[in-house]
Amino acid sequence: RFADIERQGAVEDVERVIEALHGEIRDVDQLSLEWATWDDAWAYMQGERVDAFERSSLSPMRLASQKIDVLFFLRNEDGQSQHEIVWARSVDPDSGQAIALRELNHAWDAIPSRNPLLARDAWNEIMQSEGSVQGDLRDRPVGILLTEHKPLIVSGRPILRSDGDSEPAGMLILGRFLGSGLDADLTEQTRVDFDIWQIDGRHEVVEEAAAIHDAVASSAEHQVREDSPELLHAWATFQDIRNRPELLLRANVRRDVTAAGSTAIRFGLISTLAGGLVMLLALMMLLQRIVIAPLTRLTAHAVSIGQNEDFRLKLGMEREDELGTLAGEFDSMMDKLEHARAQLVDTARTAGMSEIATGILHNVGNVLNSVNISASLVSQKVEGMSVKDLQRVSDILESHADNLGTFIAEDPKGKHLQPFLSALSLQIGEEQRFISAELGSLTDGIEHICELIKSQQQFAVKTELVEEINLADKLDEAVRITDQALGKDHGMRLVCEFEDLPEITLDKHRLLEIIVNLIQNARQAMAGLQPRVLTLRLRHHGEDKVRIEVSDTGTGIEAEAAAKVFNLGFTTKADGHGYGLHTAANAATEMGGHLTAESEGQGHGATFVLELPLRLPAHAGAQS
């Protein structure tokens, strides 16, 4: 806004200079009118009272008092082609000395071209114009004439009687130079510092004036340039007597408005910042006392509760504002949280018991399948034993008790009795061995179930029964348990890749829980697929671990499900419950091991890896 005000002011300044120049032209024209209609001047041109008129009216003092720099009395006699100078005087604009021209033979063409003020080409344009004595003297030249030195405000008029009732006695040319004196008067009059240049090719001008002249002359509006932070320049052209824009004006406007505005803005900004800082400090102190200090106290109280887990601590901030309400609600929340934590502990304890019971029941279910099949096989074998054949032999021997020797030696039936008894003995021995083996398996299963059930008792108090075991044997036992539980799969190929490993000390029942779960899941994943290959591997892993791998060629595990297979309740089986792998992973962790799953994706099978320490962890084997 300050810059716009200054630009508008600069335009107004240059317009005031232009108006002042027009006013000066009007003053010169008015002065020439007074001289041209002066009866004494008309009489002088008629040759009357010449000496008296020249002494009184054309004296240097009188001309200087009227600020007349150039004055010509010209006459054109009938039939003459040139004007005769009756009287002429000019002031040198540089030195200020007057030059009288009566000695110049009174001939217009005798005016020396060395006098730039009277250059014939400039004056000829005036004298040959329609306002000359040869034309209509009422159409006269008036305006600014560009000379080889300074611009000249000039006015030409015919010399007439004051009443106008006469023929022109000649022509009067009156002029006033735009010199230092007139410039100073115009400056004082307009109160504008300005410069004037003649852009006519005969004068040197400053570079910026020459550069901007074409732009100013071709534009209908004045040009304003911000040439420095201190000055603003408004440029305009002024037409000479020939209506050509060869006079260039520049108004020099000091940028006092911007300077004062900048000072005011800086002062206002500093005052605003100072006031803002004072207000900010006051607000900070107020916030510190009313908000920050109570919040710091509340934060420290919350941190103390978090570190000590003592929810009985009370803040006790007695206030009637929002922070007091917040502190009261916080204390109330801690009371509720203490109560909720107690309930949560009870709930977690119950949930833990439920989870442990669910896992144990899942593992018991796996073993019960094997026990049930073993018991069924033993029952079938017992029912199918050759007890009736033995009873029949006993009846035959009892009926021939009196002649038993003769019967065996001579009777055809007696002769077959001994081979029959031998075959029956072999059959009964075979059945006895089968039943004994199944009873052993049944005993192992029942023992496993007993251990699982014992682990349910006092879930917070664990009893680990560790012993030295052979991992290869336990893998074989796990395969046998799954064969009994799921039935032997004759289309599945079992591959065992076992390295020689030393016996390690572990809880064999937990180990069987894990391996049975993994093998059973692998077989179920391969159900109905071809080929079905179950691979079991035993190998060293580093210096202090063993690695048990169970690989299958089943459906595999999708990438998004790989991270969730050990979560409680997660399952991909239609009839699954999501307890087996979760329980197996927990059991592996309790033994100091780690259970992971690997798969290349759907349809590429899966490998479950159980890593166990070769040496018993420090906490293992303790009974509590």
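Because the structure is a prediction, the values reported are computed rather than measured.

**Structural notes on the side chain of S155**
Its place among the elements puts S155 in strand β5 (residues 152-158). Among the residues examined, S155 registers a relative accessible area of 0% and is labelled buried.

**Digging into the sheet that holds strand β8 (residues 223-225)**
Read from one edge to the other, the open sheet built from four strands follows the order β7-β10-β9-β8, with strand pairing classed as antiparallel. Looking at which strands have only one partner, the edges of the open sheet turn out to be β7 (193-198) and β8. Averaged over all pairs of adjacent strands, the angle between their axes in this sheet comes to 20 degrees, without regard to strand direction. Note: β7 against strand β10 (residues 247-254), six bridges, orientation antiparallel.

**Some points on the packing of aromatic side chains**
In this structure the tally under the stated criterion is eight aromatic pairs. Between the aromatic rings of Y44 and F73, the centroid separation amounts to 5.5 Å while the plane-to-plane angle is 75 degrees, which identifies the pairing as edge-to-face. In this pair, Y44 sits in helix α2 (residues 39-45) while F73 sits in strand β1 (residues 70-75), placing the two residues 29 residues apart along the sequence. When its relative accessible area of 3% is taken as the criterion, Y44 is described as buried. Ring centres 6.3 Å apart and planes at 90 degrees place the aromatic pair F566 and F608 in the edge-to-face group. With a gap of 42 residues between them, F566 in the loop between α16 (559-562) and α17 (580-590) and F608 in strand β17 (residues 606-613) connect regions that are remote in the sequence. With respect to class, F566 is no different from F608; both count as buried. Taken together, W35, W38, Y44, F53 and F73 form an aromatic cluster joined through their ring pairs. Sitting above the plane of the W42 ring, R161 keeps its charged end 5.0 Å from the centroid.

**Structural notes on the confidence of the model for the chain**
Confidence along the chain averages 77 in pLDDT terms, with 78% of residues attaining 70 or more. The low-confidence segment residues 102-122 (pLDDT under 50) makes 39 contacts with residues lying over four places distant or belonging to another chain. Predicted confidence for residues 458-462 stays below pLDDT 50, and this span has seven contacts to residues more than four positions away or in other chains.

**Details of the packing of helix α15 (residues 508-525) against α17**
Running from amino to carboxyl end, α15 crosses α17 at an angle of 145 degrees, the nearest separation of the two axes being 9 Å. Crossing of α15 over α17 shows left-handed handedness. In this structure, α15 contributes R510, E513, I514, N517, L518 and N521 to the contact, and α17 contributes G580, L581, T583, A584, A587, A588 and E590. Class assignment for the residues of the contact of α15 with α17 results in six nonpolar, four polar and three charged.

**Quick word on helix α14 (residues 471-486)**
The end-to-end C-alpha distance of α14 is 22 Å, a good match for the 22 Å that 16 residues give at a rise of 1.5 Å each. Counting buried residues along α14, 12 of its 16 residues qualify, which places the element largely inside the surrounding structure. The complete set of buried residues in α14 reads L471, A472, K474, L475, E477, A478, V479, I481, T482, D483, Q484 and A485. After α14 finishes, the residue G487 shows a positive phi value of roughly 90 degrees.

Rules behind the numbers
Residues numbered from 1 in each chain as written. Predicted model: local features only at pLDDT ≥ 70, side-chain atom pairs only at ≥ 80, totals over all residues. Heavy atoms only, no water. Helix = DSSP H or I, 4+ residues; strand = E, 2+ residues; numbered from the N terminus. Buried < 20%, exposed > 50% of the residue type's maximum accessible area, 1.4 Å probe, protein only. Pairing = 2+ DSSP bridges. Axes fitted to C-alpha atoms, helices over the stretch in contact; angles between N-to-C directions. Phe/Tyr/Trp six-rings, centres within 6.5 Å; stacked < 30°, edge-to-face > 60°. Lys NZ or Arg CZ within 6 Å of the ring centre and 35° of its normal. pLDDT = per-residue confidence, 0-100. Contact = heavy atoms within 4.5 Å. Left-handed = near helix turned anticlockwise from the far one by under 90°. Nonpolar A, V, L, I, M, F, W, Y, C, P; charged D, E, K, R; others polar. Expected span 1.5 Å × (residues − 1).

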